[in-house]
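Breakdown of the fold
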Amino acid sequence: MRQQNDWKWRDTAIVSLRSPSSLMKLCQSQQFNKDALSVIFRTAREMEDIRPATPESRQLEGRIMSTLFYEPSTRTRLSFESAMARLGGTVLSTESAGEFSSAAKGETLQDTIRTVEGYADVIVLRHFQAGSSMTAASVASIPIINAGDGPGQHPTQALLDVYTIQREIGRLDNLRIGLVGDLANGRTVRSLAYLLSMYEGIKFYFVAPDVVRMQEDIKEFLTGRNVEWEEVDDLAQVAGDVDVLYQTRIQKERFQDRPQDYEAARGKYIIDKETMKILRKDAVIMHPLPRVDEIKPEVDSDPRAAYFRQTKNGLYIRMALLKLALT
Amino acid sequence: MRQQNDWKWRDTAIVSLRSPSSLMKLCQSQQFNKDALSVIFRTAREMEDIRPATPESRQLEGRIMSTLFYEPSTRTRLSFESAMARLGGTVLSTESAGEFSSAAKGETLQDTIRTVEGYADVIVLRHFQAGSSMTAASVASIPIINAGDGPGQHPTQALLDVYTIQREIGRLDNLRIGLVGDLANGRTVRSLAYLLSMYEGIKFYFVAPDVVRMQEDIKEFLTGRNVEWEEVDDLAQVAGDVDVLYQTRIQKERFQDRPQDYEAARGKYIIDKETMKILRKDAVIMHPLPRVDEIKPEVDSDPRAAYFRQTKNGLYIRMALLKLALT
Amino acid sequence: MRQQNDWKWRDTAIVSLRSPSSLMKLCQSQQFNKDALSVIFRTAREMEDIRPATPESRQLEGRIMSTLFYEPSTRTRLSFESAMARLGGTVLSTESAGEFSSAAKGETLQDTIRTVEGYADVIVLRHFQAGSSMTAASVASIPIINAGDGPGQHPTQALLDVYTIQREIGRLDNLRIGLVGDLANGRTVRSLAYLLSMYEGIKFYFVAPDVVRMQEDIKEFLTGRNVEWEEVDDLAQVAGDVDVLYQTRIQKERFQDRPQDYEAARGKYIIDKETMKILRKDAVIMHPLPRVDEIKPEVDSDPRAAYFRQTKNGLYIRMALLKLALT
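Residues numbered from 1 in each chain as written. Chains lettered and ligands numbered in written order. Predicted model: local features only at pLDDT ≥ 70, side-chain atom pairs only at ≥ 80, totals over all residues. Heavy atoms only, no water.

It is worth spelling out the overall build of chain A at this point. Scanning chain A for helices and strands turns up 13 helices and 10 strands. By residue count, 61% of the 327 residues in chain A fall in the buried class. A fraction of 71% describes how many contacts in chain A between residues 6 or more apart in sequence connect residues 24 or more apart. When the accessible surface of chain A is summed, it comes to about 12200 Å², and 47% of that surface belongs to carbon and sulfur atoms. Placing the 43 positive and 45 negative side-chain charges of chain A at their respective mean positions leaves the two points 4 Å apart. (Helix = DSSP H or I, 4+ residues; strand = E, 2+ residues; numbered from the N terminus. Buried < 20%, exposed > 50% of the residue type's maximum accessible area, 1.4 Å probe, protein only. Contact = heavy atoms within 4.5 Å. Areas by Shrake-Rupley, 256 points an atom, 1.4 Å probe, with all protein chains shown as cover. Lys, Arg positive; Asp, Glu negative; His and termini not counted. Charge placed at Lys NZ, Arg CZ, Asp CG, Glu CD.)

The next subject is the packing of helix α8 (residues 187–196) of chain B against helix α9 (residues 216–224) of chain B. Angle between the axes and distance between the axes are the two parameters that describe a pair of packed helices. Residue and element names in this part refer to chain B. Packing of α8 against α9 brings their axes to within 10 Å, and their N-to-C directions diverge by 10°. Considered as vectors, α8 and α9 are oriented roughly parallel to each other. Along its contact with α8, which presents R190, A193 and Y194, the element α9 presents D217, I218, F221 and L222. When the residues that make up the contact of α8 with α9 are grouped by side-chain class, the tally is 5 nonpolar, no polar and 2 charged. (Axes fitted to C-alpha atoms, helices over the stretch in contact; angles between N-to-C directions. Parallel < 35°, antiparallel > 145°, perpendicular 65-115°, else oblique. Nonpolar A, V, L, I, M, F, W, Y, C, P; charged D, E, K, R; others polar.)

Right, let's talk about helix α8 (residues 187–196) of chain C for a bit. Counting buried positions along α8(C) gives 9 out of 10 residues, so the element sits mostly inside the fold. Considered for burial, the residues of α8(C) that qualify are R187(C), T188(C), V189(C), S191(C), L192(C), A193(C), Y194(C), L195(C) and L196(C).

This next bit is on the relation of the copies chain A and chain B. Copies of the same chain, two in number, are related to each other by a rotation about an axis and a translation along it. Superposing chain A onto chain B takes a rotation of 120° combined with a translation of 0.0 Å along the rotation axis, leaving an RMSD of 0.0 Å. Taken together, the rotation and translation describe the operation of a three-fold axis. (Least-squares fit on C-alpha atoms with pLDDT ≥ 70 in both.)

It is worth spelling out the sheet that holds strand β9 (residues 244–247) of chain A at this point. Residue and element names in this part refer to chain A. Strand order across the open sheet formed by 5 strands is β8-β7-β6-β9-β10, with parallel pairing between neighbours. In this open sheet, the two edge strands, each paired with only one partner strand, are β8 (228–231) and β10 (284–286). Here the strands of the sheet are splayed against their neighbours by 20° on average, with no regard to which way each runs. In terms of strand pairing, strand β6 (residues 176–180) meets strand β7 (residues 203–207) through 5 bridges, oriented parallel. Note on β7: the bridge partner recorded for R176 is K203. Together, β9 and β10 form the strand contacts of helix α7 (residues 155–169), whose direction differs from that of β10 by roughly 170°. Packing against the sheet, helix α9 (residues 216–224) makes contact with β7 and β8, and its axis sits at approximately 145° to β8. (Pairing = 2+ DSSP bridges.)

The next thing to look at is the interface of chain C and chain A. Contacts between chain C and chain A engage 26 residues on the former and 22 residues on the latter. Between chain C and chain A, roughly 2200 Å² of surface is buried when both sides are summed, and carbon and sulfur atoms account for 53% of that area. The largest contributions to the chain C side of the interface with chain A come from R75(C), L78(C) and F308(C), which together make up 24% of the buried area. Here chain C and chain A share 3 salt bridges between them. (Buried area = accessible area lost by both parts, 1.4 Å probe. Salt bridge = Lys/Arg side-chain N within 4 Å of Asp/Glu carboxyl O.)

All right, on to the interface of chain A and chain B then. Every contact between the two is made by 26 residues of chain A and, on the other side, 23 residues of chain B. When chain A packs against chain B, close to 2200 Å² is buried across both sides, 53% of that on carbon and sulfur atoms. On the chain A side of the interface with chain B, the three residues burying the most area are R75(A), L78(A) and F308(A), jointly 24% of the side's total. For the interface between chain A and chain B, the tally reads 3 salt bridges. Note that R291(A) is salt-bridged to D111(B), the shortest N-O span being 2.6 Å.

Residue and element names in this part refer to chain C. Turning to its location among the elements, P72 is positioned in the loop between β2 (64–69) and α3 (74–86). A relative accessible area of 31% places P72 in the partly exposed class. Residues P72 and S96 lie 24 residues apart in sequence; the distance between their C-alpha atoms is 6.2 Å.

The next subject is the environment of L321(C). Secondary-structure assignment places L321(C) in helix α13 (residues 307–326). Separated by 189 residues in the primary sequence, L321(C) and S132(C) have C-alpha atoms spaced 20 Å apart.

A separate point is the sheet that holds β2(C). Residues and elements named next belong to chain C. Spatially, β1-β5-β4-β2-β3 is the arrangement adopted by the 5 strands of the open sheet, whose pairing is parallel. Where the open sheet ends on each side, the last strands, each with one partner, are β1 (25–26) and β3 (90–94). Summarising the sheet, β2 and strand β4 (residues 122–127) pair through 5 bridges and their orientation is parallel. Pairing of L68 across the sheet is with L125, part of β4. Across the sheet, α3 is in contact with β2, β3, β4 and β5 (144–149); its angle to β2 comes to roughly 175°.

According to the stated counting rule, one finds 81 salt bridges over all chains in the structure shown. In this structure, E231(C) and K219(C) form a salt bridge, with 3.0 Å as the shortest nitrogen-oxygen distance. Within this pair, whereas E231(C) is found in strand β8 (residues 228–231), its partner K219(C) is found in helix α9 (residues 216–224), the two being separated by 12 residues in sequence. Taking relative accessible area as the criterion, K219(C) reaches 6% and is therefore assigned buried. Linked through salt bridges whose partners overlap, the residues forming this network are D210(A), R213(A), E216(A), K219(A) and E231(A).

What follows covers the pairing of β4(C). All names here are of chain C. For β4, a buried count of 6 out of 6 residues is recorded, marking the element as mostly surrounded by other parts of the structure. Of the two faces of β4, the one carrying V122, V124 and R126 and the one carrying I123, L125 and H127 are both buried. Pairing geometry for β4 and β5, over 4 bridges, is parallel. Each residue of the ladder has a partner; that of L125, found in β5, is N146. Considered for its hand, the β-α-β crossover made up of β4, helix α6 (residues 132–139) and β5 is right-handed. (Right-handed = clockwise from strand over helix to strand, strands pointing away.)

Turning our eyes to something else, we now look at the side chain of R126(A). Residues and elements named next belong to chain A. Locating R126 in the fold gives a position in strand β4 (residues 122–127). Among the residues examined, R126 registers a relative accessible area of 7% and is labelled buried. Once residues within four sequence positions are removed from consideration, R126 is found in contact with L68, F69, Y70, E71, S73, T76, A147, G148, H154 and R187.

Quick look at the pairing of β6(A) now. All names here are of chain A. Within β6, 4 of the 5 residues are buried, leaving the element largely enclosed by the surrounding structure. Handedness of the crossover is the feature at issue here: the chain leaves β6, passes through helix α8 (residues 187–196), returns alongside β7, and the resulting connection is right-handed. Note that β6 and β9 share 4 bridges and pair parallel. From the neighbouring strand, L179 faces β9, where its bridge partner is Y246.

Residues and elements named next belong to chain B. Of note, K203 is situated in strand β7 (residues 203–207). For K203, a relative accessible area of 9% translates into the label buried. Among residues more than four places away in sequence, those in contact with K203 are L175, R176, I177, E228 and E230.

That bond from L289(B) to P290(B) is cis: its omega, 0°, falls within 30 degrees of zero. Structurally, P290(B) is set in the loop between β10 (284–286) and α13 (307–326). Its identity is not glycine, yet L289(C) carries a phi of approximately 55°, on the positive side. Relative to the assigned elements, L289(C) resides in the loop between β10 (284–286) and α13.

In this section: the confidence of the model for chain A. All names here are of chain A. Taken over all residues, the pLDDT of chain A has a mean of 89, while the share at 70 or more is 91%. Every residue in residues 1–23 scores below 50 in pLDDT, and together they form 49 contacts with partners more than four places removed in sequence or on other chains. Listed scores for the predicted complex are pTM 0.92 and ipTM 0.91. (pLDDT = per-residue confidence, 0-100.)

The structure is reproduced here in structure tokens:
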């Protein structure tokens, strides 16, 4: 048990702050190196086998997780809460912390964290402000897990994406990955590009409408690390070549004053039955969900549609993180 | 245990869809026949005897229920959550799923269900749209329990009403029942009329203000099944004759553009001390709650006021359904 | 165990209503005498030593607490919910009961309580109306704990304040206490004055901006009980003399039509590094939290800054109350 957690103690790239009380700060995808991912994924795989009412299902008995959400995210919250429940832990749930009395009365996030850490053993923080999980972690004496900080990071999503690729394809080296849709605003695809860049023989295809193309910083980052990438207009061409076709939603909320740009972008790259005919037999479709219509429901029953398995993998990843943080 | 659940597997009138994973879809009152009611009520009766910290109180240990509520209904939610807790299970609670990110971003109910079923073992769904529980059940691989779908159905309320009659009166045959108040809009009284029509020797009295009289479809349905019914203007006359006087609230929210109709309707049939003088000694007053002033508080201390026992019976019915769905 | 709870049964000053079912109504600070405080504090001290996954941490297994909050108070709610979790109990959480269907449809608080008591073993009530916990307690057949009723009482806050003084200073007699800030509106400081008046050799200093000075009723009450008090303008003078400096927030929400009064009041008495230089070595700073800027963050790392320990003590007090109410 102790050995398995050793990465928390040794690798400064992963956890920059420590304390005698098994401190963990999970704020950014960049914290993880390959060794850390390997430990997390091995633990997640063990989590898949835990059955109700067994000793393994009670290993966090008496431990308390606070889901402190300053903006609602039902999916992420339920995933964390289910993870804690499946390990026998207890949840204190707060879904719209921002509206609440303390914040409304002018309390700082730091003070809120120092109060809530008295009631819980780990805080899962969702906040609308980038960097807020770092702020929280800087004062907390218990583990903080970033469950999304606005335009910033959503590291557990990034982990479940990579875990899904490993589970579906069987490897993380020598992969061809098509990233499709809103590549400019999607923190998901940016994190994925970052994490996969640590592996060998990765090639990215970027398939995006003009208004939401992949940003320059990621392209430069990949080039700097000798990772192949290519921008392609034709989804069909990419679909026939890749191991993973990762579709994303065009985020309407980013186009508030440009409805015509939104309409142009959203309809451009749709995955449907025709796409599935081109897709290789051993490839998979992924999507961070929620989707609107960028993947047609007719695709759902295809065994290569991996997106509901992907969301389920979020449960195992979060179970693994809670176990690593609390034991 | 297996035997007790057999009705789920044999009777197509009750459960129309099956799967090897003990699938149950509880969407409509019409799903239940007398045998099904008998199993549920026998199980509910057992639930009344479960004490805290006993093996029986842990029979759903490790099982997870998601209360997915698209509109708030504190009473129904707490009843289900208490039921799950009393069997040792865990709850993932969502009280205003409709406001939340996924639905707001355009996700379909089907996609939400396919996500949440990865986190839970049973979903209790409250939705503002009639038929939504059927939609949910059509894609789910875990049991779905309808906790009210807008103007549609609220089958667990119907079950607890019938269970209360059996517990209070001691039988379900040969009953005289007065339904009072808003009979046009109340899904409660419609479901009750449907379910009791399966028993022998039932007679209904309908006592309603003109603007909210019982609808023709139910009258025709009862006539078609040779169930006696009669519309009566005088509450006192009915009160002296019935076994059960079932009062309902005039629903202000249905009269938005007709406030004068609401005022006329709401004051017409009030149950007070005078009514109780007429009511038979072995009869009971029921009400689905919440009430406004259609039953005066002075009635509450009368032992024939069964409405708070009725709401408590909801707990036992929901415990029974969760047990039947998950074991 | 029985012996420890005897105060509930014997002292009419503490619990004015009883029933064979171990009834407890915790509505007002005035209910407590010194013996009751002594039992509660002794129990709270035991609570500090409970570790997860031990038999002591399961003593409320199978018991259900409903947090029925008609206005949000994340801090208080989480504190109660954490307390229940640490004793192995289960929570039914409701954060904005006032918006919900039943209340919106015109249901009285009494009816809501009589419904919820069917689902839970204890109700923790937060309400916007003074006296509502008394109303609730008058109909309930299970314990009711007042978690704040608007401008009225917040007795568990009062208890944790006194407990903190005992834990930090080591005694409750012969204390010099400076109450600082909004003394007119703060129910916290009023309750504290009341409870400490029961002990020997207490002296209060009131340090408040003119617009929010301590009200006459409390001054008269203290004088009537021969408790020394003094109004002082100079915070520094008081800081050098007291055992406890109890700072409070100037409540902006009380100055809605007088923003200039608010600005004048809020900046007048700030605790900062300079104050800490004057404060005695064995004295402490307390604050009910949340704070805005009436204590500068530079003070937080001083060991005499007791306010985060104080909020943590709320957990132990609430554990003690739940244990006393339910066993």
